[in-house]
Structure formats: structure tokens, C-alpha cells
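Each chain, written out:
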Amino acid sequence: MRVTWREKNARQWISELSDRIGAAGWATLALTPALAAEVDQHGAAVRDILLLGVEGVGTVGAVVLLAAYGRGLLDNALESDWTPTSWLGVRLMAVCQLAHVHDAKPLTDSVSALPKLT
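Residues numbered from 1 in each chain as written. Predicted model: local features only at pLDDT ≥ 70, side-chain atom pairs only at ≥ 80, totals over all residues. Heavy atoms only, no water.

Draft legend 1. Seen up close, the side chain of H42. Tracing the chain through its elements places H42 in helix α2 (residues 33–53). Overall, the relative accessible area of 8% leaves H42 in the buried class. Excluding residues that lie within four positions of it along the chain, H42 makes contacts with W87, V90, R91 and A94. (Helix = DSSP H or I, 4+ residues; strand = E, 2+ residues; numbered from the N terminus. Buried < 20%, exposed > 50% of the residue type's maximum accessible area, 1.4 Å probe, protein only. Contact = heavy atoms within 4.5 Å.)

Draft legend 2. Structural detail: the packing of helix α1 (residues 5–31) against helix α4 (residues 87–101). Running from amino to carboxyl end, α1 crosses α4 at an angle of 110°, the nearest separation of the two axes being 10 Å. On the basis of the axis angle, α1 is roughly perpendicular to α4. Two secondary-structure elements touch here, α1 through I14, L17, S18, I21, G25, W26 and L29 and α4 through L92, M93, V95, C96, Q97 and A99. Residue classes in the contact of α1 with α4 are distributed as 10 nonpolar, three polar and no charged. (Axes fitted to C-alpha atoms, helices over the stretch in contact; angles between N-to-C directions. Parallel < 35°, antiparallel > 145°, perpendicular 65-115°, else oblique. Nonpolar A, V, L, I, M, F, W, Y, C, P; charged D, E, K, R; others polar.)

Draft legend 3. Seen up close, the pattern of salt bridges. The full count for this structure, using the stated rule, is one salt bridge. Where D48 meets R47, a salt bridge forms, and the shortest distance between an N and an O atom there is 3.7 Å. (Salt bridge = Lys/Arg side-chain N within 4 Å of Asp/Glu carboxyl O.)

Draft legend 4. Expanded view of the packing of α1 against helix α3 (residues 62–75). Put simply, α1 and α3 touch, their axes get as near as 8 Å, and they point 50° apart. Between α1 and α3, the interaxial angle falls into the category oblique. Considering how the two elements wind past one another, α1 and α3 form a crossing that is left-handed. Side by side, α1 and α3 meet where R6, E7, A10, R11, W13, I14, L17 and R20 of the first sit next to V63, V64, L66, A67, G70, R71 and L74 of the second. Considering only residue class, the contact of α1 with α3 consists of nine nonpolar, one polar and five charged. (Left-handed = near helix turned anticlockwise from the far one by under 90°.)

Draft legend 5. Focus on the nonpolar core. By size, the foremost hydrophobic cluster in this structure holds 28 residues, and its most contacted members are I14, L17, V39, V46 and L66. Here this core gets nine residues from one element, more than from any other, and that element is α4. Once residues within four sequence positions are removed from consideration, I14 is found in contact with V63, L66, A67, V95, C96 and A99. (Core = buried A, V, L, I, M, F, W, Y, C linked by side-chain atoms within 4.5 Å.)

Draft legend 6. Structural view of α1. A maximum bend of about 80° is found in α1 at G22. Within α1 the residues assigned to the buried category are E7, A10, W13, I14, L17, I21, G22, G25 and L29. Elements that come into contact with the buried residues of α1 comprise α2, α3 and α4. (Bend = angle between axes of the 7 residues up to and from the residue.)

Draft legend 7. Structural view of the environment of Y69. With respect to the helices and strands, Y69 occurs in helix α3. Residue Y69 is classed as buried on the basis of its relative accessible area, which comes to 16%. Those residues in contact with Y69 that sit more than four places away from it in its chain are V46, I49, L50, R91 and V95.

Worth remembering: the numbers are spatial, not functional.
This is the structure in C-alpha cells:
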């Protein structure tokens, strides 16, 4: 599999974002069903935005699209000090989860593609 420079940078950015969310954020997500459901809903919304609102989505790797979307969220955020349970934090967690699931696959609208947290 050929990995482009863009994909490598996107994976690195997603990894750094996941680290920024931190172990506490991911642990909270794993232990809190309501937060997990909220992240799933945000993931579905992000997936729909990218699939339906980005022209030429089929020609760009999913991880690149997701990293660009996440960077856009942070670039335009009004809150500079977000937490994993804030709207922005939940949205960014959803971006990380989708990137993990679709890392080497195209972005799809399949609900079964979203990770299950158990």
C-alpha cells in the first residue's frame, strides 16, 4: 500500500489529537454510555458532512478528510481550552474514532463501520 505524504501527515495529526484528548478523556468515554452515544452521534454527523458536503470525496483518503475537518474545527473554535466532554471535545473524539476505523479504508456511510465501545 502506497502512503502519500498527506496521509502520513494526517495520521500524525490525528495521533497527536488523540494524545491531546488524553487517557482520561478516552477512559471517560469507555466508562460513560451517554458520552459514548454522543460520540457515536457526532461520528455519524461528521461522516455525513464529509460524504455529502465535500466534492470529490472519493479521491481523497478518509484520514486526510478527517484530519482536515478536525483542524478546521480547532482553527475556528471559539473555545481555546476545550475538554473531552465539551461539544468540541466530543466532536474531536468522533473524528479520531472515525479516522481509526477508516485509516486504510474509504469513508463510508455504513453505521456498522463505527466502533463499538464495550
